[in-house]
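Fold and geometry: a report
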Amino acid sequence: MAETHLLAPCPNSPNCVSSLATQSDKRVAPLQAGADRGSSLKKLESLLGSLPRVEYDVVGQSRIQARFTSRILRFVDDVTFYVRDNGVVEVRSASRAGYWDLGANRRRVESLREQLSEQDTDDRTSQQHTFENAQHRA
């Protein structure tokens, strides 16, 4: 699959961002969730499962298709994640309706980035406590 076809291209309207977009106003950096495809998929599923108003499907071995519903007006935004072998997550977030999203899709991707980073920090802290407890018992 060609690099540009991993995710659908963003339309001309300003209601979509993608890590594969070539236009700077639509581009976001890919996400890093884990060291490989399997760990990234697990972390993404864990995060998506903990968020309100999110439904998602795992599609094949490397893709997650999520639907985020806004709290008040119930708008639905589609977010596609393509996880590479090395754990890098290409992401596209787009509004289903409306011309302009007031930056909601970009904020969503950046929020997911922060939450994945916090998840990583929590995992490392938990591993450190486990290691320290094991040393203390020894």
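Residues numbered from 1 in each chain as written. Predicted model: local features only at pLDDT ≥ 70, side-chain atom pairs only at ≥ 80, totals over all residues. Heavy atoms only, no water.

A closer look at the packing of aromatic side chains
In this structure the tally under the stated criterion is zero aromatic pairs. Taking the ring centre of Phe-68 as reference, the NZ or CZ of Arg-108 above it sits at 4.7 Å. (Phe/Tyr/Trp six-rings, centres within 6.5 Å; stacked < 30°, edge-to-face > 60°. Lys NZ or Arg CZ within 6 Å of the ring centre and 35° of its normal.)

Examining the pairing of strand β4 (residues 63–69)
Successive side chains on a regular strand alternate, one facing one side of the sheet and the next facing the other. Extensive coverage of β4 is indicated by the burial of five of its seven residues. Pairing geometry for strand β3 (residues 54–59) and β4, over six bridges, is antiparallel. The residue of β4 that forms the bridge with Asp-57 is Gln-65. Where β3 folds back onto β4 in an antiparallel hairpin, the turn is made up of three residues, including Gly-60, whose phi is positive at roughly 70°. Pairing of β4 with strand β5 (residues 76–83) involves seven bridges; the strand directions are antiparallel. Bridge pairing in β5 places Phe-68 opposite Asp-77. Turn length for the β4-β5 hairpin, with the two strands adjacent in sequence and antiparallel, is six residues, and the turn residue Arg-74 shows positive phi of about 65°. (Buried < 20%, exposed > 50% of the residue type's maximum accessible area, 1.4 Å probe, protein only. Helix = DSSP H or I, 4+ residues; strand = E, 2+ residues; numbered from the N terminus. Pairing = 2+ DSSP bridges.)

Topic: the pattern of salt bridges
The tally for this structure, following the rule as stated, stands at seven salt bridges. A salt bridge links Arg-96 to Asp-78; the nearest nitrogen and oxygen atoms lie 2.9 Å apart. Linking Arg-96 in the loop between β6 (88–95) and α2 (104–137) with Asp-78 in strand β5, this pair joins segments that are 18 residues apart in sequence. We note a salt bridge from Arg-84 to Glu-90, for which the minimum N-O separation is 2.8 Å. The exposure class assigned to Glu-90 is buried, which follows from its relative accessible area of 5%. Linked by salt bridges that have partners in common, Glu-55, Asp-57 and Arg-67 make up one network. (Salt bridge = Lys/Arg side-chain N within 4 Å of Asp/Glu carboxyl O.)

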